[in-house]
Amino acid sequence: MSGEVLTDRRDRILRAAARHFAEQPYDKVSTVAIAADADVNRGWIYHEFGSKRDLYLAVLQRTARVPSLPPLTGLMATDDLEKSSAAVIDEWLDAVSATRESFLALQRVHTGSHGDPVIRGVVREMHEGTIDNLLSTVMQDPADASPAARALVACFGELAWQALWEWLESGRFDRTQVHAVLTTSLMALVELVPKVVR
């Protein structure tokens, strides 16, 4: 069997799994339903991933390619904070939109609906990494940041998660609204972090 066929089958399984994990709690998701949605034999799921838990971890790891907070590299390189913040948020929303189902599956873990310590550890590691990324825009070594600075960034993260959910799932925000909320909040965050960084 060609590598392209194997890659396509794996991708179909991951996309189907992301949809199912986004729509219902982990313990309610059926690998039979995922296989049917992916148009594969259920045995391929276990062949490719080993278990339902490993499949779920693969969905989370795929989502981890899109940071759980906006990547802020270069944010401070311009004098126009509003313009650069808007560009950062716009690019991030594009990436989130492209992996909508995976983000919604991750949201279930983020809000505490999964008890697996390994899975929760993966999510925590993602969050800490993106906090470091944001702090690195205002200081040389994020490890030197005060607990208050990390807490401030974490608060922005919670706002971002909720805003994404309101856009991707509830529909109470449209993209323009979520973009405005996150851009304005990001500018405020960039101005506040140096005040609590040490």
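Rules of the game
Residues numbered from 1 in each chain as written. Predicted model: local features only at pLDDT ≥ 70, side-chain atom pairs only at ≥ 80, totals over all residues. Heavy atoms only, no water. Axes fitted to C-alpha atoms, helices over the stretch in contact; angles between N-to-C directions. Helix = DSSP H or I, 4+ residues; strand = E, 2+ residues; numbered from the N terminus. Parallel < 35°, antiparallel > 145°, perpendicular 65-115°, else oblique. Left-handed = near helix turned anticlockwise from the far one by under 90°. Contact = heavy atoms within 4.5 Å. Nonpolar A, V, L, I, M, F, W, Y, C, P; charged D, E, K, R; others polar. Salt bridge = Lys/Arg side-chain N within 4 Å of Asp/Glu carboxyl O. Buried < 20%, exposed > 50% of the residue type's maximum accessible area, 1.4 Å probe, protein only.

It is worth spelling out the packing of helix H5 (residues 81–98) against helix H9 (residues 175–196) at this point. At their nearest, the axes of H5 and H9 sit 9 Å apart, and the two run at 130 degrees to each other. Taken together, the axis directions place H5 and H9 in an arrangement best described as oblique. Like other packed secondary-structure pairs, H5 and H9 cross with a definite hand, here right-handed. Of the residues in H9, those in contact with Leu81, Glu82, Ser85, Ala86, Val88, Ile89, Asp90, Trp92, Leu93 and Asp94 of H5 are Arg175, Val178, His179, Leu182, Thr183, Leu186, Met187, Val190 and Glu191. Class assignment for the residues of the contact of H5 with H9 results in 11 nonpolar, three polar and five charged.

Attention now goes to the pattern of salt bridges. Considering all chains together, one arrives at 11 salt bridges under this definition. As a salt-bridge pair, Arg19 and Asp37 come within 3.2 Å of each other at their nearest N and O atoms. Remark: Asp37 occurs in helix H2 (residues 31–38) and Arg19 occurs in helix H1 (residues 3–23); sequence separation between them is 18 residues. With a relative accessible area of 24%, Arg19 lands in the partly exposed category. Overlapping salt bridges bring together Arg9, Arg10 and Glu48 as one network.

What follows concerns the environment of Phe156. Among the secondary structure elements, Phe156 is positioned in helix H8 (residues 147–170). Considering only alpha carbons, one finds Phe156 and Leu189, 33 residues apart in sequence, at a separation of 7.3 Å.

It is worth spelling out the packing of helix H7 (residues 117–135) against H8 at this point. Here H7 crosses H8 at 115 degrees, and the two axes come no closer than 10 Å. Between H7 and H8, the crossing angle belongs to the class labelled roughly perpendicular. Where H7 crosses over H8, the handedness of that crossing is right-handed. On the side of H7, the interface is formed by His127, Glu128, Ile131, Asp132, Leu134 and Leu135, while H8 contributes Ala149, Arg150, Val153, Ala154, Phe156 and Trp161. Residue composition of the contact of H7 with H8, grouped by class: eight nonpolar, one polar and three charged.

Right, let's get into unusual backbone geometry. Backbone geometry places Asp39, a non-glycine residue, at a positive phi of 60 degrees. When you line up the elements, Asp39 lands in the loop between H2 and helix H3 (42–49). Residue classification places Asp39 among the exposed positions, given a relative accessible area of 65%.

By themselves, these observations are geometric and do not establish any function.
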